[in-house]
Amino acid sequence: MVQNAGIEVALCSEQFGSGAARGCRAAADGSLQWETGGWHWWGFSRVFSVKPEGRDGGRGGTPEAASSPLSGLLAVFLPQGFPDSVSPDYLPYQLWDSVQAFASSLSGALATQAVLLGIGVGNAKASVSAATATWLVKDSTGMLGRIVFAWWKGSKLDCNAKQWRLFADILNDVAMFLEIMAPIFPICFAITVCTSNLAKCVVSVAGGATRAALTMHQARRNNMADVSAKDSSQETLVNLAGLLVSLLMLPMVSDCPSLSLGCFFLLTALHIYANYRAVRALVMETLNEGRLWLVLKHFLQKGEVLNPTSANQMEPLWTGFWPSLSLSLGVPLHCLVSSVSELQQLIDGHQEPYLLRWDPSRNQIQVVLSQTAGPETVLRAATHGLVLGALKQDGPLPGELEELRNQLQAGPEKDCWVIVKETHQVLDKLFPKFLKGLQDAGWKTEKHQLEVDEWRATWLLSPEKKVL
């Protein structure tokens, strides 16, 4: 063993994940003696020795360490390698998500009690066959709704995961409110519970799909399965706690409808607030249309690129479904042109693998993508469309874009083709700076969450054009 002025030098060291490293020294009998600490997440806290193999029959090679109950719980409910194996926003999101799940569990218990009361549980005059028929119709309606909604909005859920997540939970509250009110109006009971179940099935699709998108964001070590499994464990624990509290709450409110309704509104308020805080805590590092517009607008006005944290804090959560500009990426070419001259107008003036048509009167932009268009091309096309949208709005713009806005306000709408052509030239200088700013600020530009349809096209460039 190496010594220097009475100070022992560690022979080696180890650490678990991001925990503190601990050293190892040689004991007098030749065994290895590990320092205290280093594995605080797992509860290893005391010094223990490891003897050379064979000295005690080979059993000394396994360290025996005391583990605290809290550390054991952390290991059960948090992904391996936490916090390094997940995104920085994982903990605040999961905490608020647990609060909303607890409130939803209690609200669900009140709603379930109301539905069972409505179908005749506890009523000797109730018909079993009628209750069964009502239940089957309710479930069938929900199944059909699930299929239709997945077809209608399935491809859009990734693009606005935060907005759809919040929408799903608010719709779930509406569905539970309908279930609570259903027994009050027995004539409309079947229609009410069918509508409620339809809403809940929409919630199931939207919530499940956005949960998968958020799991992809949170997993940082190709550990989506582990993050998803631990999220399920956390939700199960919260629902179990909600079940126990419900067993105490229901007997106290079952005989007083007004008290039951008051509890529901209180829990709903907590549920919506916790959901808002959970979604607001997320910091998505990929660009969708809303975040791209915020970052681009700031860049055009101040010459700086917002980092993901700032942009996510500014992203609208309630109005993110209805942007003022209609931007369509990946549209079919036959929808944009009907003659050779129109096709030439689209192609003329740029070398990028996309074609863009702008309708200022409807504030609508349609983009045809080439077969060779990659994520960067899609990002440029979206940026191009949003720059054209900025010409219709107030606020400072760089010199060249300010001149184009003045031309647009002074000239007829037929000049929009000229403006589109000139913005291509502006973007040739502007977009590389913008792209580098995005990358330097921490945005992931190799992928995006822009809504892009599957249509692709090919076209012949003008003789003077060259392929990049």
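Scroll up to find the structure this text is about.
These remarks concern the structure in this document.

Rules used in this analysis
- Residues numbered from 1 in each chain as written.
- Predicted model: local features only at pLDDT ≥ 70, side-chain atom pairs only at ≥ 80, totals over all residues.
- Heavy atoms only, no water.
- Helix = DSSP H or I, 4+ residues; strand = E, 2+ residues; numbered from the N terminus.
- Contact = heavy atoms within 4.5 Å.
- Areas by Shrake-Rupley, 256 points an atom, 1.4 Å probe, with all protein chains shown as cover.
- Buried < 20%, exposed > 50% of the residue type's maximum accessible area, 1.4 Å probe, protein only.
- Pairing = 2+ DSSP bridges.
- Axes fitted to C-alpha atoms, helices over the stretch in contact; angles between N-to-C directions.
- Parallel < 35°, antiparallel > 145°, perpendicular 65-115°, else oblique.
- Left-handed = near helix turned anticlockwise from the far one by under 90°.
- Nonpolar A, V, L, I, M, F, W, Y, C, P; charged D, E, K, R; others polar.
- Core = buried A, V, L, I, M, F, W, Y, C linked by side-chain atoms within 4.5 Å.
- Expected span 1.5 Å × (residues − 1).
- Arc of directions from axis to C-beta.
- Polar contact = N/O pair within 3.5 Å; in protein donor to acceptor, adjacent residues only side chain to side chain.
- Patch = residues over 30% accessible without salt bridge, like charges linked within 9 Å, V, L, I, M, F, W, Y side chains within 5 Å.
- Salt bridge = Lys/Arg side-chain N within 4 Å of Asp/Glu carboxyl O.
- Phe/Tyr/Trp six-rings, centres within 6.5 Å; stacked < 30°, edge-to-face > 60°.
- Disulfide = S-S within 2.5 Å.

## A word on the overall build of the chain
And step 1. The number of helices and strands found in the chain is 13 helices and nine strands.
And step 2. Contacts in the chain between residues far apart in sequence, at least 24 positions, make up 70% of those at least 6 positions apart.
And step 3. Accessible area of the chain: about 24,400 Å², with a carbon and sulfur share of 61%.

## Concerning the side chain of threonine 215
And step 1. Its place among the elements puts threonine 215 in helix H5 (residues 189-218).
And step 2. Of the residues examined, threonine 215 reaches a relative accessible area of 4% and is grouped as buried.
And step 3. In this view, threonine 215 contacts Met224, Val227 and Ser228; residues no more than four positions away in its chain are not counted.

## Some points on the pairing of strand E9 (residues 364-369)
And step 1. In terms of burial, E9 is a largely internal element, six of the six residues being buried.
And step 2. Burial along E9 is two-sided: the residues Gln364, Gln366 and Val368 and Ile365, Val367 and Leu369 are all buried.
And step 3. When strand E7 (residues 326-329) meets E9, the two strands line up parallel, connected through four bridges. Residue serine 328 lies in a different strand from E9, and its bridge partner there is glutamine 366.

## Some points on the packing of helix H2 (residues 90-119) against helix H4 (residues 161-181)
And step 1. One way to put it is that H2 packs onto H4 with a least axis distance of 8 Å and a crossing angle of 20°. For the element pair H2 / H4, the angle class is roughly parallel. For the pair H2 and H4, the sense of crossing is left-handed. Where H2 approaches H4, its residues Tyr93, Asp97, Gln100, Ser104, Ser107, Gly108, Leu110, Ala111, Ala114 and Val115 are matched on the opposing element by Arg165, Asp169, Asn172, Met176, Glu179 and Ile180.
And step 2. Looking at the contact of H2 with H4 residue by residue, the class counts come to seven nonpolar, five polar and four charged.

## With respect to the nonpolar core
And step 1. One finds Val295, Trp358, Val367, Leu391, Leu401 and Phe434 to be the most contacted residues of the largest nonpolar core, which totals 44 residues.
And step 2. Sorting the residues of this core by element identifies helix H8 (289-302), E7, strand E8 (354-359), E9, helix H11 (375-390), helix H12 (399-410) and helix H13 (416-441) as the ones contributing at least two each.
And step 3. Sort the elements by how many residues they give to this core and H13 lands first, with ten residues.
And step 4. The residues touching leucine 401, leaving out its near neighbours within four places in the chain, are Leu300, Val387, Leu391, Val426 and Leu430.

## Some thoughts on H12
And step 1. Its twelve residues give H12 an end-to-end C-alpha distance of 17 Å, which sits within 8% of 16 Å, the value for a rise of 1.5 Å per residue.
And step 2. The complete set of buried residues in H12 reads Leu401, Leu404, Arg405 and Leu408. Taken end-on, H12 shows its buried residues confined to a sector of 100°, consistent with a single buried face.
And step 3. Against H8, E8, H11 and H13 lie the buried residues of H12.

## Here's the deal with the environment of glutamate 14
And step 1. Looking at the secondary structure, you find glutamate 14 in strand E3 (residues 12-14).
And step 2. By relative accessible area, which is 27% here, glutamate 14 ends up partly exposed.
And step 3. Looking at glutamate 14, its side chain comes within polar contact range of the side chain of arginine 22, at 2.7 Å.

## A look at a nonpolar patch on the surface
And step 1. Taken together, the side chains of Leu237, Leu240, Leu243, Leu244 and Leu247 make up a nonpolar region of the molecular surface, amounting to roughly 490 Å² of accessible area.
And step 2. Mapped onto the secondary structure, leucine 237 falls in helix H6 (residues 224-253).

## Things to note about the pattern of salt bridges
And step 1. The tally for this structure, following the rule as stated, stands at 17 salt bridges.
And step 2. A salt bridge links arginine 380 to aspartate 428, with the nearest nitrogen and oxygen atoms 3.0 Å apart. On the criterion of sequence distance, the pair formed by arginine 380 in helix H11 and aspartate 428 in helix H13 is long-range, its members being 48 residues apart.

## As for the packing of aromatic side chains
And step 1. In this structure the tally under the stated criterion is nine aromatic pairs.
And step 2. With a centroid separation of 5.6 Å and an interplanar angle of 85°, the aromatic rings of tryptophan 96 and tyrosine 273 are classed as edge-to-face. Placement of tryptophan 96 in helix H2 and of tyrosine 273 in helix H7 (residues 257-281) is noted, with a sequence separation of 177 residues between them.
And step 3. A relative accessible area of 23% places tryptophan 96 in the partly exposed class.

## Structural notes on the state of the cysteines
And step 1. On inspection of all chains with the given rule, the structure shows zero disulfides.
And step 2. For cysteine 24, which is in no disulfide, the shortest distance to another cysteine sulfur is to cysteine 12 and amounts to 4.1 Å.
And step 3. Under the relative-accessibility criterion, cysteine 24 is labelled buried at 0%.

## Some points on the environment of leucine 435
And step 1. Tracing the backbone through its elements, the reader meets leucine 435 in helix H13.
And step 2. Separated by 55 residues in the primary sequence, leucine 435 and arginine 380 place their C-alpha atoms 8.7 Å from one another.
And step 3. With residues near it in sequence (within four places) discarded, leucine 435 still touches Glu376, Leu379 and Thr445.

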